[in-house]
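Here are the chains, one letter per residue:
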Amino acid sequence: MADEKRKIRIATCSLAGCFGCHTSMLDIDERLFDLLEMVEFDRTPFTDIKHCGPCDIGIVEGGVSNAENAHVLKEFRENCKVLVAIGSCAITGNVPALRNNIDLWNCFQEVYLYDPGTEGKQIPNDPELPLPFDKVYPIYEVVKVDYFLHGCPPPANAIWKFLTDLIQGRQPETGHELLRYD
Ligand code: SF4
């Protein structure tokens, strides 16, 4: 029996993201069936795998806003041959990074103590919760990143072109018509 060609293994995660980049990934619609002919998924929000194992491609949505984000990102970098920052949050911090100009303590007080309806409450401090960072960081400030796919989110057609290029061993390119930042 002929050896079955090994499938490319892909992991994805959302750090300080909104899952919009993952939703845009699903917007490739019926091409998902073609994708599944070529790849198998490791840890992603679409599978029940808890930790990223050895992979060919890691796709990261979202910036780094807390200790758990940094931990997951480092696990991806250690296990993925190629790491892709997908979407503006992973690439620049994007909207979540608007909090970078606000003192974190003031931010927490406003949300948990002063916001109407939260009087008498407290700032969550259970050790189970990941410690927030003072700022939201783009992922390249924490680990080395191999490719950046812009957009908020990148359009499905851009994701499809980019991924199929990578999977088929070509230098990934979206071309001007698929490149956007919004
Ligand atoms: S880049 Fe846009 S769509 Fe993607 S995670 Fe960030 S906010 Fe959501």
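Coordinates for the structure precede this section.
Residues numbered from 1 in each chain as written. Predicted model: local features only at pLDDT ≥ 70, side-chain atom pairs only at ≥ 80, totals over all residues. Heavy atoms only, no water.

Can you help me understand the overall build of the protein chain in this one?
In terms of regular secondary structure, the protein chain is built from six helices and seven strands. Beginning at the N terminus, the succession of helices and strands in the protein chain can be written as β-α-α-β-β-β-α-β-α-α-β-β-α. If one aligns the C-alpha atoms of the protein chain with their principal axes, the spans along those axes are about 70 × 40 × 30 Å. Considering only contacts in the protein chain between residues 6 or more positions apart, those separated by 24 or more positions represent 77%. (Helix = DSSP H or I, 4+ residues; strand = E, 2+ residues; numbered from the N terminus. Contact = heavy atoms within 4.5 Å.)

I tried to follow the layout of surface pockets on my own but got confused; where do I start?
Over the atoms, a rolling probe the size of a water molecule traces out where space has been left empty. Space inside the largest pocket adds up to approximately 260 Å³. Taken together, S65, N66, F108, Y112, I123, P124, N125, D126, L129, P130, L131 and P132 make up the full set of residues lining the largest pocket. Residue assignment for the lining of the largest pocket shows that the elements contributing at least two residues are β4 (64-66) and α5 (104-114). Broken down by class, the residue content of the lining of the largest pocket amounts to eight nonpolar, three polar and one charged. (1 Å grid on protein atoms, 1.4 Å probe; cavity = no way out; pocket = protein on both sides within 12 Å on 5 of 7 lines; lining within 4 Å. Points joined across faces, edges and corners; volume = space filled by probe spheres on them. Nonpolar A, V, L, I, M, F, W, Y, C, P; charged D, E, K, R; others polar.)

How do you make sense of empty space enclosed by the protein when you look at a structure like this?
A full pass over the atoms with the stated rule returns one cavity of 30 Å³ or more. Space inside the largest cavity adds up to approximately 40 Å³. Taken together, I59, V84, I86, L149, I159, F162, L163 and L166 make up the full set of residues lining the largest cavity. Elements with a minimum of two residues in the lining of the largest cavity: β5 (80-86) and α6 (156-167). Of the residues forming the lining of the largest cavity, the biggest block, four residues, is contributed by α6. Here the lining of the largest cavity is built from residues that sort into eight nonpolar, no polar and no charged.

I tried to follow the site of the ligand on my own but got confused; where do I start?
Taken together, the neighbourhood of the ligand is formed by G17, C18, G20, C21, E61, G87, S88, C89, N94, G151, C152 and P153. Going through the elements one at a time, α1 (20-26) and α4 (88-92) are the ones with two or more residues in the shell around the ligand. Its residues assigned to classes, the shell around the ligand shows five nonpolar, six polar and one charged. (Near = heavy atom within 4 Å.)

I keep staring at the pairing of strand β3 (residues 55-61) and nothing clicks. Help me out?
Regular strands have side chains that alternate between both faces of the sheet. Among the seven residues that make up β3, seven are buried, leaving the element largely enclosed by the rest of the structure. Judged from the five bridges that link them, strand β1 (residues 8-14) and β3 form a sheet pairing that is parallel. For A11, the partnering residue across the bridge sits in β3 and is G58. (Buried < 20%, exposed > 50% of the residue type's maximum accessible area, 1.4 Å probe, protein only. Pairing = 2+ DSSP bridges.)

Could you clarify how one ought to interpret the environment of E37 in this entry?
As for its placement among the helices and strands, E37 is situated in helix α2 (residues 31-38). Of the residues examined, E37 reaches a relative accessible area of 63% and is grouped as exposed. Separated by 119 residues in sequence, E37 and A156 have C-alpha atoms that sit 18 Å apart.

Explanation requested: the packing of α2 against α6 in the structure shown.
Think of two packed helices as two axes; the pair is described by the angle between the axes and how far apart they sit. Viewed as axis vectors pointing N to C, α2 and α6 meet at an angle of 20 degrees, and their least axial separation amounts to 12 Å. By the criterion of interaxial angle, the relationship of α2 to α6 is roughly parallel. For the pair α2 and α6, the sense of crossing is left-handed. Residues R31, D34, L35 and M38 of α2 lie in contact with α6, whose contacting residues are N157, W160, L163, T164 and I167. Taken together, the residues of the contact of α2 with α6 break down into five nonpolar, two polar and two charged. (Axes fitted to C-alpha atoms, helices over the stretch in contact; angles between N-to-C directions. Parallel < 35°, antiparallel > 145°, perpendicular 65-115°, else oblique. Left-handed = near helix turned anticlockwise from the far one by under 90°.)

Sorry if this is basic, but what is going on with α6 here?
Residues lying three or four places apart along an α-helix face the same way, a consequence of the helix completing one turn every 3.6 residues. Here α6 spans 16 Å end to end across twelve residues, near enough to the 16 Å set by a 1.5 Å rise per residue. Burial analysis of α6 places ten of its twelve residues in the buried class, the great majority of the element. Of all the positions in α6, only A156, A158, I159, W160, F162, L163, T164, D165, L166 and I167 are classed as buried. (Expected span 1.5 Å × (residues − 1).)

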